[in-house]
Amino acid sequence: MTGPDPLDLARFTNRTRLRSTASRVSRRALLRGATAGGLAVAGASALSACGVQGHVVPPGAQETGQPGHDYSDTEKKVVFANWPAYIDVDAKDPNKRPTLDRFEKETGIQVQYLEVINDNNDWYTKVDPSLVKGVDTGYDIMVVSDYMVAKYRAYDYIQELNLANVPNHAHLLPSVLHDPTDAGRRYTVPWAYGYTTIAYNKNLVRQPITSIAEIFTRPDLHGKVSLFAEMEDTVALALLALGYDPEKFTDAQFNKSLEYVRKAKAAGQIRAFTGNDYLSDFQQGNTAVTMAYSGDVAQLGKPNLVTVDLPKEGLLSWSDNCVIPNFARHKTNAEKLLNYYLRPDVAAALDDYIDYIPSVEGADVALRALDPQAAASPLIVPTKQMEAKARGFMALTVDQLNDYTGRFQQVTGQ
């Protein structure tokens, strides 16, 4: 099936952040300069995750982090590990990163910026041997997804921030400070914050979608729905559809939500549980409704062809976060860099490039001056109503994460 006015993915620069090959889901598909026809958006959201291997918590873990010797005074550098294409780049020179360049010029601190993270689990496997032995990983900052923060903290692998070095931390928005995996943000600073939405082709879906439950049950959507292949994404959607709180749910509620997904799949309502290819499937008209990250949707749609409807059940929010691993060699310098990215003007410049939601007071105002069109999108600067109904995903223990993910994959066949 091919819908009219399809998305021309050949025109996109696809900055896909690769995830586990077992789950086949990218964490965020970062697209720039895109246009799309016949797209509408119903703002539902969910958080990505994949199964993790069991681990013995080190004896005496206190979830406080363990510092090493800090060489910040004598070594003016920071080693920063991030995902590919997750920072602003100069339009004329792809080797230049304007916000980082400005930090180096202002502080004299050199940033060794490494795009070396492609998968949360793979990255954990890389740093775990050093952290469990109590030695420096070689990195001062690393960006990890929110559901992984709980695991790093459970194993006492990341350090509490010295807020004296991060005074701009006080300007984090209340909606961002309220995080299930790090209440008060004492261990994390958001690098990207956003929602996951439901995008639908207005030429194929004639009746607007205003409720999450509709995608699981509406007859005209039968066989046209694509959901993400990772547990937290789709289970969160089902939890909301059933009226449960994704930030606080019971095993029984999880079981009901999983059964809700299973029944929809068995009935043929869901065409596929997709990963990196979700936009391609949507472009080809194979699906008329798909889960999609807010940054993608903000870049995909022409303003006159996109609507944003707030589902009655609410929203789910997510974040990718900067953390400082134990024994980092340049912790103070790292905290100075985090403080810099919490400045409204710097946060606006970053968010304008990656098209996610400003998490600092005043960044929305700076974004309006920098890019009025981006600031006008509720997918980048949400309405107060959207913020009020956004919910995070409950922090899970490692055992819960393994159990829930395994059972979800049995349902989806991934």
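Nothing here was measured: the structure is a model prediction, and the numbers come from that model.

1. Observations concerning the overall build of the protein chain
Next, step 1: Scanning the protein chain for helices and strands turns up 15 helices and 13 strands.
Next, step 2: Here the protein chain holds 414 residues, and the buried ones make up 56% of them.
Next, step 3: Sequence-distant contacts, at least 24 apart, represent 80% of the contacts inside the protein chain between residues at least 6 apart.
Next, step 4: Of the accessible surface of the protein chain, which amounts to about 15900 Å², a share of 51% is contributed by carbon and sulfur atoms.

2. Section: the packing of helix α1 (residues 98-107) against helix α10 (residues 331-341)
Next, step 1: Two numbers describe how α1 lies on α10: the axes approach to 11 Å, and their chain directions differ by 125°. In terms of orientation, α1 and α10 fall into the oblique class. As α1 runs across α10, the sense of the crossing is right-handed. Together, T99, L100, R102, F103 and E106 of α1 and N333, K336, L337, Y340 and Y341 of α10 make up the contact between the two elements.

3. Thoughts on the environment of D320
Next, step 1: Here D320 shows up in strand β12 (residues 315-323).
Next, step 2: On a C-alpha basis, the gap between D320 and Y147 in space is 9.1 Å, while along the polypeptide they are 173 residues apart.
Next, step 3: At 3.2 Å, the side chain of D320 and the side chain of S145 are in polar contact.

4. Remarks on the environment of A264
Next, step 1: By the secondary structure assignment, A264 is in helix α7 (residues 251-266).
Next, step 2: Taking C-alpha positions, A264 is 5.8 Å from F216, a pair spaced 48 residues apart along the chain.
Next, step 3: Residue contacts for A264: discarding those within four places in its chain leaves F216, Q269 and I270.

5. Regarding helix α2 (residues 120-133)
Next, step 1: Counted at 1.5 Å a residue, the expected span for α2 with its 14 residues is 20 Å, and the 20 Å between its end C-alpha atoms agrees.
Next, step 2: Along α2, the sharpest kink reaches roughly 40°, centred on V127 and followed within four residues by the proline P129.
Next, step 3: Turning to α2, its buried residues are N120, N121, W123, Y124, V127, D128, S130 and L131.
Next, step 4: Contacts made by the buried residues of α2 are with β4 (77-82), β6 (141-145) and α3 (146-154).

6. Structural notes on the packing of aromatic side chains
Next, step 1: Taken as a whole and assessed by the stated rule, the structure comprises 20 aromatic pairs.
Next, step 2: An angle of 35° between the planes, with centres 6.3 Å apart, marks the rings of F249 and Y404 as tilted. Placement of the pair is F249 in the loop between α6 (231-241) and α7 and Y404 in helix α15 (residues 398-412), with a sequence separation of 155 residues.
Next, step 3: Since its relative accessible area comes to 1%, Y404 is described here as buried.
Next, step 4: Between the aromatic rings of Y340 and Y341, the centroid separation amounts to 5.2 Å while the plane-to-plane angle is 85°, which identifies the pairing as edge-to-face.
Next, step 5: What makes Y340 buried here is its relative accessible area of 3%.
Next, step 6: For Y341, a relative accessible area of 7% puts it in the buried group.

7. Remarks on the nonpolar core
Next, step 1: By size, the foremost hydrophobic cluster in this structure holds 111 residues, and its most contacted members are M142, Y152, I215, F216, V289 and L337.
Next, step 2: When sequence neighbours within four positions are dropped, the list of residues in contact with L337 reads V78, F80, L100, F103, V111 and I141.
Next, step 3: The next biggest cluster of nonpolar side chains, apart from the first, holds six residues, and it includes A348, A374, A375 and I380.

8. Observations regarding the environment of A288
Next, step 1: Here A288 lies in the loop between α8 (278-283) and β10 (289-293).
Next, step 2: For A288, a relative accessible area of 0% gives the class buried.
Next, step 3: Contacts of A288, omitting those with residues within four sequence positions, involve A199, Y200, N201, L204, V205, K224 and F282.

9. Remarks on the pairing of β6
Next, step 1: Across the five residues of β6, five count as buried, placing the element largely inside the fold.
Next, step 2: Residues I141, V143 and S145 line one face of β6 and the alternating positions M142 and V144 line the opposite face, and both faces are buried.
Next, step 3: With two bridges joining them, β4 and β6 adopt parallel strand pairing. Residue pairing for β6: A81 is matched across the bridge by M142.
Next, step 4: Of the strand pairs in this sheet, β6 and β12 are connected by four bridges, and their pairing is antiparallel. Pairing of M142 across the sheet is with V323, part of β12.

10. Digging into the pattern of salt bridges
Next, step 1: Within the structure shown, the criterion is met by 16 salt bridges.
Next, step 2: For R329, the salt bridge identified is with E75, shortest N-O distance 2.7 Å. Of this pair, R329 sits in the loop between β12 and α10 while E75 sits in the loop between β3 (39-42) and β4, and the two are 254 residues apart along the sequence.
Next, step 3: For R329, a relative accessible area of 31% gives the class partly exposed.
Next, step 4: R391 serves as the salt-bridge partner of D245, at 2.7 Å between the closest nitrogen and oxygen. Highlighted residues: D245 in the loop between α6 and α7 and R391 in strand β13 (residues 390-391), separated in sequence by 146 residues.
Next, step 5: Via salt bridges that share partners, R102, E106, R343 and D345 belong to a single interconnected network.

Rules behind the numbers
Residues numbered from 1 in each chain as written. Predicted model: local features only at pLDDT ≥ 70, side-chain atom pairs only at ≥ 80, totals over all residues. Heavy atoms only, no water. Helix = DSSP H or I, 4+ residues; strand = E, 2+ residues; numbered from the N terminus. Buried < 20%, exposed > 50% of the residue type's maximum accessible area, 1.4 Å probe, protein only. Contact = heavy atoms within 4.5 Å. Areas by Shrake-Rupley, 256 points an atom, 1.4 Å probe, with all protein chains shown as cover. Axes fitted to C-alpha atoms, helices over the stretch in contact; angles between N-to-C directions. Parallel < 35°, antiparallel > 145°, perpendicular 65-115°, else oblique. Left-handed = near helix turned anticlockwise from the far one by under 90°. Polar contact = N/O pair within 3.5 Å; in protein donor to acceptor, adjacent residues only side chain to side chain. Expected span 1.5 Å × (residues − 1). Bend = angle between axes of the 7 residues up to and from the residue. Phe/Tyr/Trp six-rings, centres within 6.5 Å; stacked < 30°, edge-to-face > 60°. Core = buried A, V, L, I, M, F, W, Y, C linked by side-chain atoms within 4.5 Å. Pairing = 2+ DSSP bridges. Salt bridge = Lys/Arg side-chain N within 4 Å of Asp/Glu carboxyl O.

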